[in-house]
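So you can see what is in the structure, the chains are spelled out below.
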Amino acid sequence: MTLPRTLILAGGLGTRLSGVIPKVPKPMAPIAGVPFLEYQIKFLKAQGFRRFTLLTGHLSEIIENHFKNGSHLDVCIDYSIEKEPLGTGGAIRRAIESTEPSETNFLVLNGDSLFTADVKRFLTLSQNQTSLALKYSHNLSRFGSVEIDSDLMISKFNEKSSDARDGYINAGLYHIRREDLDILPLGKSSIEKDVFEPLSSAKRLMGVPCGGKFVDIGTPESYDWSQDHLPSWLNLKNKPALFLDRDGILIRHKPYLHKPEEIELIPETIEVIKNAKKRGYWVIVVTNQSGVGRGYFTEQDCARVNQTINHLFLQNGAEIDAWYACYDHPEAENKDYRGHSLRRKPQPGMLLQASEDFPTDLTRSFMIGDNITDQIELPDLRTILVSGDFDLSKAKDSTCICNNAQELSQIISQLL
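Residues numbered from 1 in each chain as written. Predicted model: local features only at pLDDT ≥ 70, side-chain atom pairs only at ≥ 80, totals over all residues. Heavy atoms only, no water.

A. Quick peek at the nonpolar core. Judged by nonpolar contacts, the single largest core of 46 residues is most densely connected at Leu37, Ile41, Phe67, Leu107 and Leu173. Here the element with the most residues in this core is helix 1 (residues 36–46); it accounts for six residues. Grouped together as the second largest cluster of nonpolar side chains are 43 residues, Leu7, Leu9, Cys326 and Leu352 included. (Core = buried A, V, L, I, M, F, W, Y, C linked by side-chain atoms within 4.5 Å. Buried < 20%, exposed > 50% of the residue type's maximum accessible area, 1.4 Å probe, protein only. Helix = DSSP H or I, 4+ residues; strand = E, 2+ residues; numbered from the N terminus.)

Printed below as a string of structure tokens:
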């Protein structure tokens, strides 16, 4: 893959951080003594990106004096400097118009946030269309949300709302085609209002769900988190994950099981987990437990069952790294769990949350389940289903189906 030039919007003033950081452009806010913008560039360089244009404005000389031409970072950096505020759309258009016409595609980032996604995966899934990288969020109080259809086309932008359950947010990472900027008005404009919204209305804007940590230094609280955690987080290496359903994969399926004494392990899965751990995989359980929302048992009941299963596997030398459970259901009796949720499989919320908590290479990961609802709606995630209690006749052609847990163990040993 030929990687495009990266444009970074670096003209922010950091007014919400006044009193916390020196008087510098917001992307130059120091994190453990290093400008935030440098972390962005180094993160992208590690993924193979080498050409950068920094879109600067007020106090541009501070950025230029620090980065110069980028040679000390082994990258190539040039600048597009605003003489007057042009907005995000105007700044991007000005920068792109200064490049060679042969450059038709660009990676664009907000300079005050960092999304530790697999950027090459994002570009591949963008299919040469203008696209937004989307991050799953279980808390939309600070952000507006983005809705996508089954073809990953963005269907709606929502304002932030305290009533929202969970959803996708714009992660400030874009793939932009030069030709799609023709609709921008001359002068000051907004890439969000003047490009993304019209393209979305015309069904020409993609939204690609991505895993990774989202860091926004726009508030004192998030800036403090970055000081304490960002450098160490960026030093972590992404690992593939084995995502496992619980019922029918770890234990025999018993409807709405909520008593630890009724647990019956599936012994073949012990070897599956051992195999995965030996080969450097995360092992993460993602399970729908709508019995909580329906009022059949409590969160505490579910937690006790999960803790018992975890302990039994650990006793057998099979370590599980994390557990994620969704209690939601559209018809839940408990209103706190009633409604649509991106956590409920086949939606990918639990897996994307896990990939934020555990640095995950989704392109090498697997989902293993026993129902078509375990076919997670992530376009490049490989799925294996085990025949058992559910009808798998409508499984996708790309899904691997095995007849039993013993066959699953054999397949996994070959694939990992």
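And the narrative resumes.
B. View of helix 2 (residues 60–67). Those residues of helix 2 lying buried are Ser60, Ile63 and Phe67. The arc that holds every buried residue of helix 2, seen down its axis, measures 70°, which confines them to one face. Where helix 2 is buried, its residues meet helix 1, strand 4 (51–56) and strand 5 (76–81). (Arc of directions from axis to C-beta. Contact = heavy atoms within 4.5 Å.)

C. Focus on the pattern of salt bridges. Counted according to the given criterion, the structure contains 22 salt bridges. With a shortest N-O distance of 3.3 Å, arginine 5 and aspartate 78 are connected by a salt bridge. Linking arginine 5 in strand 1 (residues 5–9) with aspartate 78 in strand 5, this pair joins segments that are 73 residues apart in sequence. Aspartate 78 gets classed as partly exposed once you look at its relative accessible area, which sits at 32%. Linking glutamate 264 and arginine 252 is a salt bridge whose minimum nitrogen-to-oxygen distance equals 3.9 Å. Here arginine 252 lies in the loop between strand 14 (241–244) and helix 7 (268–278) and glutamate 264 lies in the loop between strand 14 and helix 7, a separation of twelve residues in the sequence. Assessed through its relative accessible area of 40%, glutamate 264 is described here as partly exposed. On the basis of relative accessibility, which here comes to 35%, the residue arginine 252 falls in the partly exposed class. (Salt bridge = Lys/Arg side-chain N within 4 Å of Asp/Glu carboxyl O.)

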